[in-house]
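Overview (structure and organization)
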Amino acid sequence: MNVDEIRALKGKRKIIMLTAYDYQIAKILDNLEVDIILVGDSVGMVVQGHPDTKSVTIEDMMYHTRNVSRATTRPLIVSDMPINSYNTPQQGLKNAQKLLEAGAHGVKIEGSYPKIVTTLLEHDIPVMGHIGHLPQTSEKVRVQGKRPEQADQIWRDALQLDKLGAFGMVIELVPLWLARKITADVKSPTIGIGASKYCDGQVLVTNDLLGLDADFKPKFVKRYANLHETISEAVQRFIKEVKTCTYPDKRHTYH
Ligand code: KIV
């Protein structure tokens with residue numbers, strides 16, 4: 001998949017985007033109909049165990065992008081620019097180039113930074129926007145755009161990203177009507193997370209979809225598996241079999 005193919009999907013079929021941070025999950029997604037693999041800075045919470053994404057570094061993102069890129073043949077790889085990696089256009093350009101060298105095909109930037117977006121696009125670096133709830137800078141996880149002036153600002157940010165040439169934009173945690181309006185008003189595809197079915201595609205953190213963290217249950221996440229339970233049961237069986245000397249048995253032993 002390239003960015004033109006992603007753009008061309010708008011109005012034709014839904015775009016599927018999921019996160020991966022490591023080789024094995026990326027390999028599974030690579031074999032499925034996933035259009036975009038996002039190496040998200042959600043790695044800070046999901047893999048590193050921090051309360052938010054604010055401590056993720058460009059080195060972290062390069063490391064995980066390399067791991068994902070080793071497994072990926074078909075989907076577009078988009079890597080998040082972490083907080084403080086795009087404070088100036090020059091810094092943003094240098095760091096975006098590092099992510100491309102690590103294997104990303106494009107980068108995602110949170111919020112409204114027209115100068116950064118323009119600089120990256122001038123250097124042929126595909127940019128995806130991210131509007132609505134912005135985990136890098138928001139104090140609290142909450143639905144954005146309930147107040148008319150806030151909704152208007154999010155809509156303006158979407159229009160600006162579209163005009164600048166972003167190849168897509170994530171819309172996070174906004175009311176249905178706003179996601180629907182933005183999706184109708186922009187040419188580039190919108191990818192929703194907690195932003196209703198009226199986006200051009202959907203993204204979830206793969207670990208959330210798989211139910212890996214028993215305690216994480218926000219309204220917008222649907223669990224398609226309960227891997228927390230599956231893993232716990234498997235490990236409990238392993239413990240029992242080791243303690244009762246039933247594993248390893250002769251099928252798992254060399255003579
Ligand atoms: O970092 C991430 O995983 C994201 C998604 C939630 C869109 O930005």
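For clarity, every value in this text was computed on a predicted model and none was experimentally measured.

**Looking at helix α10 (residues 227-243)**
In this model, α10 (17 residues) spans 24 Å end to end at C-alpha, consistent with the 24 Å of a helix rising 1.5 Å per residue. Of the residues trailing α10, C245 is marked for its positive phi of about 60°.

**Re the domain arrangement of the chain**
For the chain, the assigned domains are domain 1 (3-224) and domain 2 (227-255). Averaged C-alpha coordinates put domain 1 and domain 2 at centres separated by 39 Å.

**Quick word on the nonpolar core**
Residues M17, I36, L99, L120, M128, I131 and I182 are the most contacted members of the largest nonpolar core, which totals 65 residues. What L99 contacts, discounting residues up to four positions off in sequence, is I58, M61, M62, T65, S79, D80, M81, A104 and V107.

**Quick word on the sheet that holds strand β3 (residues 76-80)**
By way of backbone hydrogen bonds, the strands of a sheet pair with one another, either parallel or antiparallel. Pairing is parallel around the closed barrel formed by eight strands, whose spatial order is β1-β2-β3-β4-β5-β6-β7-β8. Recorded for the sheet is a direction-independent mean angle of 25° between the axes of neighbouring strands. In terms of strand pairing, strand β2 (residues 36-39) meets β3 through four bridges, oriented parallel. If you follow I37 over to β3, its bridge partner there is I77. Against the sheet, helix α4 (residues 58-69) makes contact with β2 and β3, and its axis sits at roughly 150° relative to β2, the strand it touches most.

Here is what the cut-offs are and how they apply
Residues numbered from 1 in each chain as written. Predicted model: local features only at pLDDT ≥ 70, side-chain atom pairs only at ≥ 80, totals over all residues. Heavy atoms only, no water. Helix = DSSP H or I, 4+ residues; strand = E, 2+ residues; numbered from the N terminus. Expected span 1.5 Å × (residues − 1). Domains from an automatic or database assignment. Core = buried A, V, L, I, M, F, W, Y, C linked by side-chain atoms within 4.5 Å. Buried < 20%, exposed > 50% of the residue type's maximum accessible area, 1.4 Å probe, protein only. Contact = heavy atoms within 4.5 Å. Pairing = 2+ DSSP bridges. Axes fitted to C-alpha atoms, helices over the stretch in contact; angles between N-to-C directions.

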